[in-house]
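Here is what each chain is made of, one letter per residue.
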Amino acid sequence: MGRQLYIARIYEIEPEYSGLSGNEITAFTRLIDLLDIETVQQNDADDYYEIERAELEHLRDIVAGEHEFYEENAEAIEDILDEADIDHERMVAALDAMIAESDQRDSIVHIFFM
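Predicted, not measured: the structure shown is a model, and the values here were computed from it. (Residues numbered from 1 in each chain as written. Predicted model: local features only at pLDDT ≥ 70, side-chain atom pairs only at ≥ 80, totals over all residues. Heavy atoms only, no water.)

## Quick look at the side chain of Ser 102
- On the secondary structure map, Ser 102 appears in the loop between α4 (88-101) and β3 (108-112).
- Engagement of the side chain of Ser 102 in a polar contact is seen with the side chain of Arg 53, the distance being 2.8 Å.
- Side-chain polar atoms of Ser 102 contact the backbone oxygen of Met 98, separated by 2.9 Å.
- For Ser 102, the contacting residues outside a window of four places in its chain are Arg 53, Ala 97 and Val 109. (Helix = DSSP H or I, 4+ residues; strand = E, 2+ residues; numbered from the N terminus. Polar contact = N/O pair within 3.5 Å; in protein donor to acceptor, adjacent residues only side chain to side chain. Contact = heavy atoms within 4.5 Å.)

Given below as C-alpha cells:
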C-alpha cells in the first residue's frame, strides 16, 4: 500500500492573564457549577477546563445581569462573588479576556490554572 500522509495539530499555549487569582478562581469555578455551565472536559484537580466559547459567553451574560438566569440565581451569585471579594465588573472583565484572548479559530476555550 505504500506510505500515507498524516496531519498533526499542535496546541500552542500562550498564557494570557485573565485577571483572576486565588479566591477569584474559586468563585469562577463555583459559578460554573452553580449555573450548570457545560464543560467539555475538566480534570480531577480542577486546574484545567475546556469550555465551549458559547457557554463561556453565556456565563458572562449571566454574571453581567444580562440574562434571566441572573434574577433566578442573584443571591447565590452575589454570595459567591462577595466571598471571593470580587465585583461583577472584575469577573465580567476576566470572562471577556478569556473569550477574547483565546484562540478564535477554536470553539473551545482551554483554561488552565497554574
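## Considering the nonpolar core
- One finds Phe 28, Leu 31, Leu 56, Leu 59, Met 91 and Ile 111 to be the most contacted residues of the largest nonpolar core, which totals 29 residues.
- Looking at this core, the elements that each hand over two or more residues are α1 (23-34), β2 (48-52), α2 (53-63), α3 (68-83), α4 and β3.
- The leading source of residues in this core is α4, at six residues.
- Residues contacting Phe 28, with those up to four places away along its chain left out, are Leu 20, Ile 51, Leu 56, Leu 59, Met 91, Leu 95, Met 98, Ile 111 and Phe 113. (Core = buried A, V, L, I, M, F, W, Y, C linked by side-chain atoms within 4.5 Å. Buried < 20%, exposed > 50% of the residue type's maximum accessible area, 1.4 Å probe, protein only.)

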